[in-house]
Amino acid sequence: MKVLQAVHHFHPCVGGMERVVLDSCRALMKAGHACKVVCLNKCAKAEACLPPMENVQGVAVTRVPFLDLN
């Protein structure tokens, strides 16, 4: 099965949801499923953009542009 997890922030951003998504992806891959993550390209309150594509512990990560409306 192919699984896509969409979340606001992901590694290297630090937080509970980021950890849950990483752990669930690792468990899904261990069970033989393909898992990808799509998230924003910035950590909360960060100025620097993260790479648009990355592989984190075997999980393919695609980052989309973050638009701060504040």
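The structure under discussion appears in the preceding block.
Given the structure is predicted, the values throughout are model-derived calculations rather than measurements. (Residues numbered from 1 in each chain as written. Predicted model: local features only at pLDDT ≥ 70, side-chain atom pairs only at ≥ 80, totals over all residues. Heavy atoms only, no water.)

**What to know about the sheet that holds strand β1 (residues 2-6)**
The strands that make up a sheet are held in pairs by hydrogen bonds between backbone atoms, and each pair lies either parallel or antiparallel. Overall, mixed pairing links the four strands, which are arranged β1-β2-β4-β3 in an open sheet. At either margin of the open sheet sits one strand with a lone partner, and together these are β1 and β3 (53-56). This sheet shows a mean twist of 25° between the axes of neighbouring strands, independent of strand direction. Strand direction decides the pairing type here: β1 and strand β2 (residues 34-40), joined by five bridges, are parallel. (Pairing = 2+ DSSP bridges. Helix = DSSP H or I, 4+ residues; strand = E, 2+ residues; numbered from the N terminus. Axes fitted to C-alpha atoms, helices over the stretch in contact; angles between N-to-C directions.)

**Considering the pairing of strand β4 (residues 59-64)**
Burial along β4 is one-sided: the face carrying Val59, Val61 and Arg63 is buried and the face carrying Ala60, Thr62 and Val64 is not. Here β2 runs beside β4; their pairing, made up of five bridges, is parallel. Looking across to β4, one finds that Val37 is bridged to Val61. The pairing of β3 with β4 spans four bridges and is antiparallel. Bridging across to β4, Met53 finds its partner in Thr62. Counted along the chain from β3 to the antiparallel partner β4, the turn is two residues long, and its residue Gln57 has a positive phi close to 50°. (Buried < 20%, exposed > 50% of the residue type's maximum accessible area, 1.4 Å probe, protein only.)

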